[in-house]
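# Working through the structure, step by step
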Amino acid sequence: MAELLELIDTLKGEEASIQSLFGSEGAGMRSSTAIQETKRRGDYQKRLLEATQFVNEVFEGKRPLYHFQEAMSTDDFPLLFGDVLDRVLLGNYMDFPKTWERYTKQRTVRDFRSVSRFFVDGGESVLTEVKEQELYPGSSLSEGRYQYSVLKYGRFMPFSWETFVNDDLDALRDVPARFGKAAARSEAKFVTGLFADSTGPHGSLYTGGNGNVITANPALDIAGLVTGLETLANQVDADGEPIVTDLVHLVVPPALQITAQNIMNATQLRIEQRGGFQGTVDSVGKMELIVANWMTTGLVLSVDPYLPIVSTSNGDTSWYLFANPESGRPVMEFGKLRGHETPEIFMKSPNARRIGGGDINPLDGDFERDGFQYKVRHVFGGARMDPAGTVASDGTGS
């Protein structure tokens, strides 16, 4: 199992790092039970590594399944096995591409109540001349706020005791990986839904009043991209002052990935003349300039696989430009619950005991149906914010 082999290498590195700092104590754990166990026993990191190697040997067939069944009935191994699954989940969660993080502001919130993001406009326009003995001109401020709350997302997956008896270990090894990918995909689709709707650019974010719909909705080509960059550069704040950004993100669906890469990786660009420059005349009489490809700097390409899924119309033709979210107010904010920034995996505790007493293997299942369950929980939310930092085209040319 590739995930477990990678985890073993990671744990070996963590063990060496922890020992160099704290001797044999210390381990990064998320569950309160595990934290208490770590404090009680300083060799937790070493035992976690041994448990991971043990589980990998069972999955690879180097150890018989009954070794695993016996280990699950001990006091310590279920905790260690839970941490192994948790780290597999996190590994797959972190490996999923998160291009949306480039153009979305990220924050943490304290609880499930609505959070407010306040902003103040005014007082930033160019100063006016004050002549001798004249009063200074006044200025006013306007306030506003954006609000959103995080929500809880998740699912559970049931298994039967018979599945485990049949030596079907795919359930044990696949579920954490699947849950990790599911959590990452949920985040990606949620963010896509903030700036896109069923017909392309989101109707409440991209409007004529906001001035961020690219004129004539051009297709993604050099001329259309130049128009889009000009539209974004012409955006102004509440004082009518220009919004200056040092980085622009081009977001496209998979269908436009090759087109975007061809534009950005070209060595030269042919651009229609828009002034008194001397250029060349093409076959239809248009004046063109041949210039070095300046788009290779200051423009970052991101491919959003959820655009054609969220936008059932124009999903393959729409494209977007976002200013750096660290420049001024961000277009969107994505929030996570403090202390629960990453998805968490749970296994349901069995509600059965043998007549003779003692703990039972959690994989023996519950009292009613001999079943056991995995659950994943993830908490996040977000909101659309300042429309001045983005422009978009649905690519229809109309």
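Just above, that's the structure.
Right, let's walk through the structure included here. Not measured: the values here are computed from a predicted model. (Residues numbered from 1 in each chain as written. Predicted model: local features only at pLDDT ≥ 70, side-chain atom pairs only at ≥ 80, totals over all residues. Heavy atoms only, no water.)

It is worth spelling out the nonpolar core at this point. With 24 residues, the main nonpolar core has Y103, F195, Y206, V251, Y320, F322 and M332 as its most contacted residues. Residue assignment for this core shows that the elements contributing at least two residues are α7 (170-195), α10 (307-310), β12 (319-323) and β13 (332-337). Per-element accounting of this core gives the leading share, six residues, to α7. Excluding residues within four positions of it along the chain, F195 makes contact with Y103, G200, P201, H202, L205, Y206, V251, D304, L307, Y320, F322 and M332. Listed in part, the 21 residues of the second largest apolar core include L232, V252, M264 and L321. (Core = buried A, V, L, I, M, F, W, Y, C linked by side-chain atoms within 4.5 Å. Buried < 20%, exposed > 50% of the residue type's maximum accessible area, 1.4 Å probe, protein only. Helix = DSSP H or I, 4+ residues; strand = E, 2+ residues; numbered from the N terminus. Contact = heavy atoms within 4.5 Å.)

It is worth spelling out the side chain of E344 at this point. If you trace the backbone, E344 turns up in strand β14 (residues 344-347). Within the structure, the side chain of E344 is placed 3.0 Å from the side chain of H340, a separation counted as a polar contact. (Polar contact = N/O pair within 3.5 Å; in protein donor to acceptor, adjacent residues only side chain to side chain.)

Right, let's get into helix α8 (residues 222-233). Taking 1.5 Å of rise per residue, twelve residues should cover 16 Å, and α8 covers 16 Å from first to last C-alpha, within 8% of that figure. For α8, every residue scored as buried is listed here: G224, L225, V226, G228, L229, T231 and L232. (Expected span 1.5 Å × (residues − 1).)

Glancing now at the packing of aromatic side chains. Going through the model one piece at a time under the given rule, you end up with eleven aromatic pairs. Residues Y103 and F195 carry aromatic rings whose centres are separated by 6.1 Å and whose planes lie at 85° to one another, so their mutual orientation is edge-to-face. Within this pair, whereas Y103 is found in the loop between α5 (77-95) and β1 (105-109), its partner F195 is found in helix α7, the two being separated by 92 residues in sequence. Residue F195 is classed as buried on the basis of its relative accessible area, which comes to 0%. Here Y103 falls in the buried class, since its relative accessible area comes to 2%. Here the basic side chain of K98 rests over the ring of Y93, its NZ or CZ set 4.0 Å away from the ring centre. Of note, K375 hangs over the ring of F346, and the distance from its end group to the ring centre comes to 4.6 Å. (Phe/Tyr/Trp six-rings, centres within 6.5 Å; stacked < 30°, edge-to-face > 60°. Lys NZ or Arg CZ within 6 Å of the ring centre and 35° of its normal.)

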